[in-house]
Amino acid sequence: MKAIILSAGQGSRLGHLVDDRPKCLIDFGGRTLLDRQLDTLEANGVDEAVVVTGFHDELVDAAIAARTGGPKVRTIYNPFYKVADNTGSLFMAREELAGDCLVWNGDTLVSNALMGRVVANPQPGICVTIDRKDGYDDDDMKVIVDDTGRLRAIGKRISDGVNGESIGLLAFRQGGAERFRDAIEQAMRTAEGTTIWYLRVIHHLAQNGEVATLDIQGEEWGEVDFPLDVEAARTLVKRWDRVQGAAAA
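The present account deals with the structure reproduced in this document. Position numbers for residues start from 1 in each chain and track the written sequence from start to end. Given that the model is predicted, a residue must reach a pLDDT of at least 70 before its local features are reported, and side-chain atom pairs must reach 80 or more before they are shown or counted; all residues, however, enter totals for whole chains, interfaces and linings. With hydrogens and water excluded, all non-hydrogen atoms of the structure serve as input to the side-chain values.

Considerations on unusual backbone geometry
Counted only if it meets this: Note on conventions: DSSP H or I runs of at least 4 residues are helices, E runs of at least 2 residues are strands, and numbering of each starts at the N terminus.
In this structure, His56 is a non-glycine residue whose phi angle is positive, near 45°. Inspection of the secondary structure puts His56 in the loop between β4 (48-53) and α2 (57-65). Located in the positive-phi region is Gln174, a residue other than glycine, with phi close to 50°.

Below you can see the structure in the form of structure tokens.
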């Protein structure tokens, strides 16, 4: 399995934390967000990663070159990161959407156990990893999932019937990546192509019943969008590191 990590954006909502670096290079307990993502892939047997870069791509390239061990990593530069949303990043990396692969937002940290469930999940086609909670806010990527686990809708503006949220990690198997690649190419040929998130494309595919979900409720993850998210994520990875250190001892 291969992972495509979308790390082109600056992450401007993080303020001065990203004045001189993209959010994927923010430090979390001695390792960058990107390092932690790559280490999580390695821990679960994913030995190939493609990182889509944009803002300060030279810093990301240097950080990857300085790594020892882990997955084999290569980068794809998205020169349109300032004017196109993450659908543009996937368009630049569309040739990588083939076979068994993951698409992972570059601002999401997940535990090794959570990634293990995603990698081991055998569902064919397209599968969106979702979590559940008591309530959802305007910034959550909300979903509606039916009783069979099929995705019926996904988007931040959904209000009625919401029963989960996407965590920004998708898995593709048995032709799912190729169907997604074709849909990305079609979306980028529309008038709004550069302005939409790739999950809008997933939403349209879901209208035909083509998208499954994996419910990881109870597993740990964190998204880094705002300064408060950084502190919460640092607390989270500190606990992960402590548990892993105790297990190794």
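There's more to say after this.
Let's talk about the nonpolar core
Rules: In plain words, nonpolar cores are sets of buried Ala, Val, Leu, Ile, Met, Phe, Trp, Tyr and Cys residues tied together by side-chain atoms within 4.5 Å. Buried means the residue's accessible area, taken with a 1.4 Å probe over protein chains only, is under 20% of the maximum for its type, while exposed means over 50%, and partly exposed covers the values in between. What makes two residues a contact is simply this: any of their non-hydrogen atoms within 4.5 Å.
Counting 37 residues, the largest nonpolar core has Ile4, Leu90, Leu151, Phe180, Tyr198 and Ile202 as the members making the most contacts within it. Setting aside chain neighbours within four positions, we find Tyr198 in contact with Leu6, Asn86, Thr87, Leu90, Val103, Asn105, Gly168, Leu170, Phe180 and Ile184. Residues Ala49, Leu102, Met115 and Leu169 belong to the second largest nonpolar core, which totals 26 residues.

A few points about the side chain of Asp131
Heads up, the rule is: Working convention for charge: Lys and Arg count positive, Asp and Glu count negative, and His plus the chain ends are omitted. By definition, a salt bridge exists where a carboxyl oxygen of Asp or Glu is found within 4 Å of a side-chain nitrogen of Lys or Arg. Throughout this description, a polar contact denotes any pair of N or O atoms lying within 3.5 Å of each other; where both atoms belong to protein, one of them has to be capable of donating a hydrogen while the other can accept it, and for residues adjacent in sequence the pair is counted only when both atoms sit in side chains.
Along the chain, Asp131 turns up in strand β8 (residues 125-131). Despite its burial, Asp131 pairs with no opposite charge; the closest candidate is Arg132, at 7.0 Å N-O. A polar atom in the side chain of Asp131 sits 2.8 Å from the side chain of Trp221. In contact with Asp131, not counting residues within four places along its chain, are Tyr136, Gly164, Glu165, Ile167, Ile216, Gln217, Gly218 and Trp221.

A word on the packing of aromatic side chains
What counts is decided by this rule: Stacked, edge-to-face and tilted labels apply to pairs of Phe, Tyr and Trp rings (six-membered ring for Trp) whose centres lie within 6.5 Å, assigned for plane angles under 30 degrees, over 60, and everything in between, in that order. For a lysine, the NZ atom is tested; for an arginine, the CZ atom; a charge sits over a ring if that atom is within 6 Å of the ring centre and within 35 degrees of the ring normal.
What the rule picks out here adds up to two aromatic pairs. Taking 5.0 Å as the distance between ring centres and 15° as the angle between the ring planes, the aromatic pair formed by Phe172 and Phe180 counts as stacked. There is no split in this pair, since Phe172 and Phe180 are both buried. Through successive ring pairs, a cluster of aromatic residues spans Phe172, Phe180 and Tyr198. The residue whose ring lies beneath Arg94 is Phe91, and the NZ or CZ to ring-centre distance is 3.9 Å.

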